[in-house]
Amino acid sequence: MAGSVNALSAVPAKSWVPQFVICSMIWGSGFALIKIGVEAGIEPGWVAFWRCFFGALVLWGLVLVRRLGMPRDLRVWGHALVVGTVLNAFPFTLFAWGEQYIDSVTAGVWNSTIPLFTLVWVLVMLPDEKPNLRRLLGIATGLCGALVVLGVWSSGQSSLMKGSVICLAATASYGLGYTYTRRYLSGEDIPAITLTAIQVSWAALELALVAPLLSGAPTWGGKGPMAAMVVLGAVGTGLAYMWNLSVVRAVGSTVASTVAYLTPLWAAIVGVFFLDESLGWNTMVGALLIVSGVLLTRTAPSRPVGTKPGAGAESEPVLPPDGEETVQPARP
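Residues numbered from 1 in each chain as written. Predicted model: local features only at pLDDT ≥ 70, side-chain atom pairs only at ≥ 80, totals over all residues. Heavy atoms only, no water.

K.L.:
Tell me about the overall build of the protein chain, and please be specific about residues and values.
P.N.:
Counting its regular elements, the protein chain contains 13 helices and zero strands. Listing each helix as α and each strand as β along the protein chain from the N terminus yields α-α-α-α-α-α-α-α-α-α-α-α-α. Looking at the protein chain residue by residue over its 332 residues, the buried ones come to 52%. The contacts of the protein chain with a sequence gap of at least 6 include a subset with a gap of at least 24, amounting to 90%. Of the roughly 14,700 Å² that the protein chain leaves accessible, carbon and sulfur atoms contribute 69%. (Helix = DSSP H or I, 4+ residues; strand = E, 2+ residues; numbered from the N terminus. Buried < 20%, exposed > 50% of the residue type's maximum accessible area, 1.4 Å probe, protein only. Contact = heavy atoms within 4.5 Å. Areas by Shrake-Rupley, 256 points an atom, 1.4 Å probe, with all protein chains shown as cover.)

K.L.:
Any details on the pattern of salt bridges? Residues and values, ideally.
P.N.:
Under the definition given, this model contains one salt bridge. For the salt bridge of D73 with R75, the shortest nitrogen-to-oxygen distance reads 2.9 Å. According to the relative accessible area criterion, R75 is exposed, its value standing at 59%. (Salt bridge = Lys/Arg side-chain N within 4 Å of Asp/Glu carboxyl O.)

K.L.:
I'd like a rundown of the nonpolar core, residues and numbers included.
P.N.:
Membership of the largest hydrophobic core comes to 70 residues, with the highest contact counts inside it found for V47, F95, W110, I193 and M229. With twelve residues, helix α3 (residues 44-66) is the largest single contributor of residues to this core. One finds W16, I26, A240 and V251 within the second-largest nonpolar core, a separate group that totals twelve residues. (Core = buried A, V, L, I, M, F, W, Y, C linked by side-chain atoms within 4.5 Å.)

K.L.:
A description of the confidence of the model for the protein chain should follow, citing residues and the corresponding values.
P.N.:
In the predicted model, the protein chain carries a mean pLDDT of 82, and the fraction of residues at 70 or more is 84%. The weakest mean pLDDT in the protein chain belongs to helix α1 (residues 2-10) at 42; the strongest belongs to α3 at 96. Note on residues 1-10: pLDDT under 50 across the span, and eleven contacts to partners over four residues away in sequence or across chains. When the criterion is pLDDT under 50, residues 301-332 qualifies, and its contacts beyond four places in sequence or with other chains add up to 84 contacts. (pLDDT = per-residue confidence, 0-100.)

K.L.:
Tell me about unusual backbone geometry, and name the residues and values.
P.N.:
Among all residues save glycine, negative phi is the norm, and among peptide bonds the norm is trans. With a phi angle near 55°, R67 is a residue other than glycine that sits in the positive phi range. When you line up the elements, R67 lands in the loop between α3 and α4 (74-98). We classify R67 as exposed; its relative accessible area is 79%.

K.L.:
Hey, could you go over the layout of surface pockets for me, with residue numbers and the actual values?
P.N.:
Put simply, the second largest pocket is a space of about 230 Å³. Elements with a contribution of two residues or more to the lining of the second largest pocket: α5 (104-111), α12 (263-274) and α13 (281-297). A total of six residues in the lining of the second largest pocket trace back to one element, the largest contributor, which is α13. (1 Å grid on protein atoms, 1.4 Å probe; cavity = no way out; pocket = protein on both sides within 12 Å on 5 of 7 lines; lining within 4 Å. Points joined across faces, edges and corners; volume = space filled by probe spheres on them.)

K.L.:
Explain the side chain of T106 to me, and be specific about the residues and the numbers.
P.N.:
Within the fold, T106 resides in helix α5. Setting aside anything within four residues of it in sequence, one finds T106 in contact with V149, L160 and S164.

K.L.:
So what's going on with α5? Which residues, and what values?
P.N.:
Counting buried residues in α5 gives eight out of eight residues, a clear majority hidden from the surface. Of all the positions in α5, only S104, V105, T106, A107, G108, V109, W110 and N111 are classed as buried. Backbone nitrogen of V105 and a side-chain oxygen of the N-cap are separated by 3.3 Å at the start of α5; the cap is D103. (Polar contact = N/O pair within 3.5 Å; in protein donor to acceptor, adjacent residues only side chain to side chain.)

K.L.:
Residues and numbers for the packing of aromatic side chains, please.
P.N.:
Each pair of aromatic rings is reported with the distance of its centres and the angle of its planes. Within the structure shown, the criterion is met by twelve aromatic pairs. Taking 5.2 Å as the distance between ring centres and 75° as the angle between the ring planes, the aromatic pair formed by F53 and F54 counts as edge-to-face. Residue F54 is classed as buried on the basis of its relative accessible area of 16%. Chaining the aromatic ring pairs together yields one cluster made of F31, F92, F95, Y174 and Y178. Against the face of F92 rests R51, its NZ or CZ located 3.6 Å from the ring centre. (Phe/Tyr/Trp six-rings, centres within 6.5 Å; stacked < 30°, edge-to-face > 60°. Lys NZ or Arg CZ within 6 Å of the ring centre and 35° of its normal.)

K.L.:
How would you sum up the packing of helix α7 (residues 133-150) against α13? Please name residues and give values.
P.N.:
How two helices sit against one another is set out by the angle between their axes and by the gap between those axes. Direction vectors running N to C along α7 and α13 enclose 165°, while the axes themselves pass 7 Å from each other. By the angle class used here, α7 and α13 are roughly antiparallel. When you trace α7 past α13, the crossing you get is left-handed. Two secondary-structure elements touch here, α7 through R134, R135, L137, G138, I139, T141, G142, C144, G145, A146, V148 and V149 and α13 through N282, T283, V285, G286, A287, L289, I290, S292, G293, L295, L296 and T297. Class assignment for the residues of the contact of α7 with α13 results in twelve nonpolar, ten polar and two charged. (Axes fitted to C-alpha atoms, helices over the stretch in contact; angles between N-to-C directions. Parallel < 35°, antiparallel > 145°, perpendicular 65-115°, else oblique. Left-handed = near helix turned anticlockwise from the far one by under 90°. Nonpolar A, V, L, I, M, F, W, Y, C, P; charged D, E, K, R; others polar.)

K.L.:
Could you give an account of a nonpolar patch on the surface, with specific residues and numbers?
P.N.:
Together, L143, L147, V152, W153, L279, W281, M284 and V285 make up a nonpolar patch on the protein surface, roughly 790 Å² of accessible area in all. Elements with a minimum of two residues in the nonpolar patch: α7 and α13. The biggest single contributor to the nonpolar patch is α13, with three residues. With respect to the secondary-structure elements, M284 resides in helix α13. (Patch = residues over 30% accessible without salt bridge, like charges linked within 9 Å, V, L, I, M, F, W, Y side chains within 5 Å.)

Set out below in structure tokens:
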């Protein structure tokens, strides 16, 4: 953490704060864009496909413009295939499916549970990571927040329960994807934009094959909803990633990852003011509990996979000569 604090004090805020805020706005607004698509009749599988397709176009454009290299190790491509499945294709489809039953505000709240699920997967998959009282308390606090959002004391919440379970399955998949990336790809000397372009392309290819089986032929939702899909993919998965990477390079991944705390706020603002969704007290209280649980889990981890012994637990990833981050930062 000390490295991040020092970086934060050394870099002028005006050089990274605008990009940080813009990323949180884009990712928070993404749930409203998904809602627009599904309400226009675009099936979940195709919402996910367009998101990956347009995102991949932008990411490959960045790779070409920056003249970044490609990995030659076939194992990297194989790991990227797995990551593309569990970090893109699967959760993107699930969030679109879940928003058929719940509003975009609630989906945005569930997205904030990603760090909690990531921690659970880390404790399961990475033997060097050990649970402690604070982390367990954080998970328990987040669970209490989830129960408050669900309003478990009320009856007649079948749609809310169904949509929420689907979205939580998506966040659990995100957690698995981030943990898998850390274990198998964090030590690779690969520009993060290149790695993301590969994994999102794999996801688009998978969805092109699977979406017709799950969702039938693609449907035209109209100019507005299709424009929402373009923005969701090209801006949310493409340009926002580049801006987030700029923040990582300026002040480190620890500071950049806190964007996840702002996305539920923007999801609520956009959902309430532009989609006329309601914001109940239990949603607000539950969201605060979930974010509090995430903060409690932010203890210094054991030595990350791919780092050298003796390196600080919160050391920032090393930038190669081309200036690109080689460890993929977390994205909402």
